[in-house]
Amino acid sequence: MAHYRKIDTRMALDRKFNALTRDSKLIFFHLLTHRHLTSLGAMHATLPGLGCELDFTTEEFESAFDALCPSGMMR
């Protein structure tokens, strides 16, 4: 168990985070906590592969994922 929090608890109060759909929030958490995420925030993955990990169809995942980029929460 970690001795410190890796995810800032103030995220729950963030206006941009709260404007996301439930699926987009799940994807955001998944990306923040993914086992292949580097300390620089980089990850080698495909959208269909990430969607499969969460049991999303490709279309469901891409729709929820696309909402993260314009919000500035992910690049």
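Just so we're clear, the structure is a prediction, and the values are computed from it rather than from any experiment.

Trainee: What is the right way to look at helix 4 (residues 58-66) in this model?
Mentor: Along an α-helix, residues three or four positions apart point the same way, because every turn accommodates 3.6 residues. By the burial criterion, the buried members of helix 4 are Phe61, Ala64 and Phe65. The arc that holds every buried residue of helix 4, seen down its axis, measures 100°, which confines them to one face. Projecting away from the buried face of helix 4 at angles above 90 degrees are the exposed residues Glu59 and Ser63. For helix 4, the secondary structure elements touched by its buried residues are helix 2 (22-33) and helix 3 (47-53).

Trainee: Where do I start with the packing of helix 2 against helix 4 in this structure?
Mentor: Relative orientation and spacing of two packed helices are given, respectively, by the angle between their axes and the distance between those axes. It is the contact of helix 2 with helix 4, at a shortest axis distance of 8 Å, that shows an interaxial angle of 85°. As summarised for this structure, helix 2 and helix 4 are arranged roughly perpendicular, according to the angle between their axes. Residue-level inspection shows Asp23, Ser24, Ile27 and Leu31 of helix 2 in contact with helix 4, the latter providing Phe61, Ala64 and Phe65. The class makeup of the residues in the contact of helix 2 with helix 4 is five nonpolar, one polar and one charged.

Trainee: Hey, could you run me through the environment of Thr33 in this one?
Mentor: For Thr33, the position within the fold is in helix 2. Within the structure, the side chain of Thr33 is placed 2.8 Å from the backbone oxygen of Phe29, a separation counted as a polar contact.

Trainee: Would you mind showing me how to read unusual backbone geometry here?
Mentor: Most peptide bonds take the trans form, and the phi angle of most residues other than glycine is negative. Non-glycine residue Asp55 carries a positive phi angle of around 65°. Tracing the sequence through the fold places Asp55 in the loop between helix 3 and helix 4.

Trainee: Could you clarify how one ought to interpret helix 2 in this entry?
Mentor: Helix length check: helix 2 (twelve residues) gives 17 Å between terminal C-alpha atoms against 16 Å at 1.5 Å per residue, within 8%. Taken together, the buried positions of helix 2 are occupied by Ser24, Ile27, Phe28, His30 and Leu31. Down the axis of helix 2, the sector holding all buried residues measures 165°, keeping them to one side. Projecting away from the buried face of helix 2 at angles above 90 degrees are the exposed residues Arg22 and Thr33. Contacts made by the buried residues of helix 2 are with helix 1 (15-18), helix 3 and helix 4.

Trainee: I tried to follow the side chain of Ser24 on my own but got confused; where do I start?
Mentor: Position of Ser24 relative to the elements: it lies in helix 2. Since its relative accessible area comes to 0%, Ser24 is described here as buried. A polar atom in the side chain of Ser24 sits 2.7 Å from the backbone oxygen of Ala64. Apart from the residues within four sequence positions on either side, Ser24 is in contact with Ala64, Ala67 and Leu68.

Scoring rules and cut-offs
- Residues numbered from 1 in each chain as written.
- Predicted model: local features only at pLDDT ≥ 70, side-chain atom pairs only at ≥ 80, totals over all residues.
- Heavy atoms only, no water.
- Buried < 20%, exposed > 50% of the residue type's maximum accessible area, 1.4 Å probe, protein only.
- Helix = DSSP H or I, 4+ residues; strand = E, 2+ residues; numbered from the N terminus.
- Arc of directions from axis to C-beta.
- Contact = heavy atoms within 4.5 Å.
- Axes fitted to C-alpha atoms, helices over the stretch in contact; angles between N-to-C directions.
- Parallel < 35°, antiparallel > 145°, perpendicular 65-115°, else oblique.
- Nonpolar A, V, L, I, M, F, W, Y, C, P; charged D, E, K, R; others polar.
- Polar contact = N/O pair within 3.5 Å; in protein donor to acceptor, adjacent residues only side chain to side chain.
- Expected span 1.5 Å × (residues − 1).

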